[in-house]
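Understanding the architecture of this molecule
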Amino acid sequence: MSEQFSVYVPKLINKQEDFVHGHRACQGCGLALAVRLILKAAGKNTIVVSPTGCLEIISTPYPQSAWNLPWVHVAFENAAAVAGGIEGAFKALRAKNKKDNKKINIIAIGGDGGTSDIGLQALSGAFERGHDFLYVCLDNEAYMNTGIQRSSSTPFGASTTTSPSGAVSMGQITWKKNMAAIAAAHNIPYVATACPSYPFDLMEKVQTALKTQGPKYIHCLVQCPTGWGCATDLIIRLGSLAVETGIFPLYEVINGKYKLNMDFPKLRPVTDYLKFQSRFRHLKPADIAIIQKRVEQEWQALKQKVECFKKTGVK
Amino acid sequence: MKEKIIEIRWHGRGGQGVVTCAELLAKAAIAEGKYAQSAPSFGPERRGAPVAAFLRISNKPIYLRSQITHPDIVVVLDPTILTLPDVTAGIKKNAIFIANTNKLLEDVKYILGVNVNLGVIDATKIALEIIRRPITNTTMIGSFIRATNIVKIESVKQEIMTRFPTNYETNIKAMIRGYDELEMETDANRTVIKEKKDGKKAMPKLPKWRELTIGLTTKAGSAQAYKTGSWRSLVPVTDATKCIKCGICWVYCPDSARYQTPDGTYETNFDYCKGCGICARECPTHCITMQEEKE
Amino acid sequence: MAKREGIEISLAVAEAVKLADVDMVAAYPITPQTHIVEKLAEMVADGELKAAYINAESEHSAISLCLGSSIAGARTYTATSSQGLALMHEILYIASALRLPVVMTVVNRALSGPLNIWGDHSDVMGERDTGWIQFFAQNGQEAFDMTLQAFRVAEDHRVMLPVIVNIDGFTLSHVIEPIYILEQNEVNKFMKEFKPLNALDPRTPMTFGAFATPEYYIEAKKQLEQALFSSRKVITEVWNEFGKLYGRKYTPIEGYKANDANILLLTLGGIGETAQTAVDEMRDDGIKVGLLKLKLYRPFPIQELRRMCKKAKTLVIAERAMSIGGEGGPIGFEVRSAFYNEPTHLKIHDIILGLGGRDVRVEDFKMMINHALKNKPKEYELIGVRE
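About the thresholds
Residues numbered from 1 in each chain as written. Chains lettered and ligands numbered in written order. Predicted model: local features only at pLDDT ≥ 70, side-chain atom pairs only at ≥ 80, totals over all residues. Heavy atoms only, no water. Helix = DSSP H or I, 4+ residues; strand = E, 2+ residues; numbered from the N terminus. Rg over C-alpha atoms; globule rule 2.2 N^0.38 Å. Buried < 20%, exposed > 50% of the residue type's maximum accessible area, 1.4 Å probe, protein only. Contact = heavy atoms within 4.5 Å. Areas by Shrake-Rupley, 256 points an atom, 1.4 Å probe, with all protein chains shown as cover. Lys, Arg positive; Asp, Glu negative; His and termini not counted. Charge placed at Lys NZ, Arg CZ, Asp CG, Glu CD. Core = buried A, V, L, I, M, F, W, Y, C linked by side-chain atoms within 4.5 Å. Pairing = 2+ DSSP bridges. Domains from an automatic or database assignment. Salt bridge = Lys/Arg side-chain N within 4 Å of Asp/Glu carboxyl O. Polar contact = N/O pair within 3.5 Å; in protein donor to acceptor, adjacent residues only side chain to side chain. Nonpolar A, V, L, I, M, F, W, Y, C, P; charged D, E, K, R; others polar. Axes fitted to C-alpha atoms, helices over the stretch in contact; angles between N-to-C directions. Parallel < 35°, antiparallel > 145°, perpendicular 65-115°, else oblique. Left-handed = near helix turned anticlockwise from the far one by under 90°. Buried area = accessible area lost by both parts, 1.4 Å probe.

What follows concerns the overall build of chain B. From N to C terminus, chain B includes eight helices and 12 strands. Over its C-alpha trace chain B gives a radius of gyration of 21 Å, about what one expects of a compact globule, namely 19 Å for 295 residues. Viewed in the frame of its principal axes, chain B has a C-alpha envelope of about 65 × 55 × 40 Å. Every one of the 295 residues in chain B was classed for burial, and the buried ones make up 52%. Restricting to contacts in chain B with at least 6 residues of sequence separation, those with at least 24 account for 66%. Surface summary for chain B: the accessible area is close to 14,200 Å², and the carbon and sulfur share equals 54%. Computing the positive centroid from 42 side-chain charges and the negative centroid from 32, chain B places the two 5 Å apart.

Right, let's get into the nonpolar core. Within the largest apolar cluster, 176 residues are counted, with the highest numbers of intra-cluster contacts made by Ile 86 and Leu 138 of chain A together with Leu 315 of chain C. Of all hydrophobic cores here, the second largest spans 58 residues; its members include Val 13, Ala 79, Val 163 and Tyr 246 of chain C.

This next bit is on the pairing of strand E12 (residues 289-294) of chain C. All names here are of chain C. Summarising burial for E12: six of the six residues are buried, a large majority. The side-chain alternation of E12 yields two buried faces, one formed by Val 289, Leu 291 and Lys 293 and the other by Gly 290, Leu 292 and Leu 294. Two strands pair when backbone bridges link them, and strand E10 (residues 253-256) and E12 are joined in this way by four bridges, in the antiparallel orientation. Paired with Tyr 256 across the strands is Leu 291, a residue of E12. Across six bridges, strand E11 (residues 263-268) lies against E12 in parallel orientation. Note on E12: the bridge partner recorded for Leu 265 is Leu 291.

Once that is clear, we can look at the domain arrangement of chain B. Residues and elements named next belong to chain B. For chain B, the assigned domains are domain 1 (6-184) and domain 2 (222-292). For domain 1 and domain 2, the distance between their C-alpha centroids amounts to 32 Å. Across the domain 1-domain 2 interface, the total number found is zero salt bridges. Summed over the shared surface of domain 1 and domain 2, the result is three residue pairs in polar contact (both at pLDDT 80 or more). Across the side of domain 1 that touches domain 2, the residue classes break down as five nonpolar, three polar and four charged.

A separate point is the packing of helix H1 (residues 9-19) of chain C against helix H6 (residues 140-155) of chain C. All names here are of chain C. H6 packs onto H1 with a crossing angle of 20° between their chain directions and a minimal axis gap of 8 Å. By the angle between their axes, H1 is roughly parallel relative to H6. Between H1 and H6 lies a crossing whose hand is right-handed. Across the interface between the two elements, Ile 9, Ala 12, Val 13, Glu 15, Ala 16, Val 17 and Leu 19 from H1 touch Gly 140, Ala 143, Phe 144, Thr 147 and Leu 148 from H6.

Okay, the sheet that holds strand E8 (residues 218-219) of chain B next. The 10 strands lie next to each other as E10(A)-E9(A)-E7(A)-E8(A)-E4(A)-E3(A)-E1(A)-E2(A)-E9(C)-E8(B), forming an open sheet whose pairing is mixed. This sheet does not close on itself; its edge strands, each paired only once, are strand E10 (257-260) of chain A together with E8 of chain B. Bridge count between strand E9 (residues 251-254) of chain A and E10 of chain A: four bridges; the pairing is antiparallel. Within E10 of chain A, the position partnered with Val 253 of chain A by the bridge is Tyr 258 of chain A. Against the sheet, helix H8 (residues 199-211) of chain A touches strand E3 (105-111), strand E4 (134-139), strand E7 (190-194), strand E8 (216-221) and E9 of chain A, its axis set at about 165° to E7 of chain A.

Take the interface of chain A and chain B next. Interface size is commonly expressed as the accessible area that is lost once the parts come together. In this assembly, 52 residues from chain A lie in contact with 46 residues from chain B. Between chain A and chain B the total buried area reaches about 4,100 Å² when both faces are included, carbon and sulfur atoms providing 57% of it. Between chain A and chain B we count two salt bridges in total. The residue Asp 233 of chain A makes a salt bridge to Arg 281 of chain B at a minimum N-O spacing of 3.1 Å. Where chain A touches chain B, the interface holds 20 residue pairs in polar contact (both at pLDDT 80 or more). Of all the elements in the fold, those that place two or more residues in the side of chain A that touches chain B are helix H1 (9-12), helix H2 (30-42), helix H3 (54-59), helix H9 (225-228) and helix H10 (235-244) of chain A. The dominant element in the side of chain A that touches chain B, judged by the number of residues it contributes, is H2 of chain A, at five residues.

Dropping the structure here:
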């Protein structure tokens, strides 16, 4: 391939594909796209741990695997613990001169259920113990693998198979658990939010995280056309709309310091995002107004955190 | 057919309502006082992937929970999967086979390679006209009823009304057109072909227990052997003259199914493209259009 | 030379783990396992043991850390009891399916509820079908020896399976008694370097933990079952080698005055030694009683059991676990079924006793034997209950 043709993107991005085609993800799967990009950013010297979930099922039906890197799955709630075990073992083996000192990235990639619900305890334990690993939550906002049941990461108002909208129900009545804030509360050195609609941002964050010593957390919104009820070709737009409406702000928390990656003088109305998804189709204007208010509040709170650190000069 | 259990297998793609077909007909048969049993097939494949559903109907109680391996009737909802060996696997001699296709009846028979009692219907066209989406399940139910006469169209109507309270009218309309427009072979105009032998060895030879890897380890990247191109119903067509070689389509493809050609423009890897349409949507010069898949 | 020491059995187990030069210990504290892991943490803190000691936030994570560690190529150890073992339950199956040679001491304790911290075998009987090799120690020396043997068996490439060494809570774990603690240079003659079959390594990428559809699952289970069965050969080899090196002989079932016995007792764990005293006393009274001590529980030594019971008329099983709602205890079921299709007239009495730390005394065994000599066997009997 002659160099002159690869002028734009390909030149900047690792061409190696370590999440290979042949995986069984749905058409237009944001999760598969995110994994592909994360692995491009991480490079060859990487080990991936996954809990049970969509990602595991679509990528490893025996005797096939979509992973070109070493990959391990043990169970649903323990990806962070397994990753911690690998990291601890490498450390011990190196201390005993049984392993060379070449850096190996350890990345756990789980879904929102495996992270914010059943895997939260193991994740908290791993953060607290300070394992040198990156945990990426690919948040598609419900248990998609088992058929779109709600999780603690399902947004307010979304209709899922276990939080269905109905005559006396508006769907999910709880607010999305703020996993990035929970991670940041562990005082780990690096926390970020990301979305594959912003591939460079996502990849940069993965690289920044992997350069940082200690536990790192990236909360990545991934679009699920099947679970969200949206057109498969719309997912990139939807990710951008989630960010532009303030529903899913992109930010980093570096050593406790908040940094907003994308600021907007004025947020787009949340309906711009909600209207393309059948999971929100039942919402009444009053419900949407509640969401709008909450999004603005949280946006302001986030901006205050960013400002606060600017003023106090915390580094 | 009185004492017999009739076994029907439905084929389509995940998300097309294949399971709904089996369910609606099972419920309709049960409402008529018959015995019926519908079951989905479970697997790792997702939306767009070829899937199957199973239906048994009988006048007597059904004491069977096993899978249907030798169907009396096969219905295929998606025209692009007629070539897959799964659709004819284990099919009984002179079984009824109903295909959604715009091809001629004789041609379909050659594609299938087995001497079934064939019926064809362009259900996609009907569905697009009436439902405005290529969801062919209710149309195919109509054709099924016409070809088999196992359940009454009235009882299925009831089930459709219960199932689709807001859009049952279009679905019933589609069903009736499916019923009316089915082209079925008769004894008089039957096409007989020389059967392909390979149609029967659809099952790949599976390893013995000693041949499994210790602890079930798997070779890295081996999923490439699984071609997901058959999941596609829409295909991206690239106008290379408009391509500015930016690579956006390549970056955003969840299936890494776009690649750079020697001249720097991008093309689709049809072995793996699932037809999601992201590349077409995101291309800054709109050089990609999604078109209906042709076999 | 091995030193004869008066040492608490938990600490002797920790010594064995240290002598095995493990790379990783991940654990969560639970009574009565605590003395083992406290000692190991101390050894790591003092630099005596070069290993990572990871304080997990639950037993579920402890065993998960162990799986990660083992798959990364490190010699890995953990210990737990009771509820902790139950919390690990899910992961135990995966450890054996992934063929990871993790070694675990289970300090046997009753399961809740009601909460009870004292010894019985109800915890480990729940893990019977997990695909782990299981040893039962009857005293401190065996607890020490079996811990070393466990690593050799587990890591043998013909085996590659996790191993549980069971020691009774308190009545073994917290007891000080004389134990021969081997010197490091002696242990080095026995231990081998751990070479994983496959490890997580970017240079040789591989997928671990793929899922199996119905087309593969049975074959996968058959592979695991056969690995467990064929580990018998390796266990025998390792025990023979151990015997040659250190003079202590191990067999799947240890017989005591069993050869000419009319009536046999069968025990697991520490109550075997109490039973031994009962046998001696009853032999003095002229009763031809013998004792079988089951030391290898998985894979179950069915041939040895049949052989050793050939001459006896009656077998009395003394077990410390119930199978509530089933007509017997877990060992009772297994032993009875071992004889069902055999041409034998062996009468089998299944006695459940010593639950939740209730003391098991010489008199209990005497009573059981006398009772069994006079009465026909019932499905099972739970003894020591205040009626």
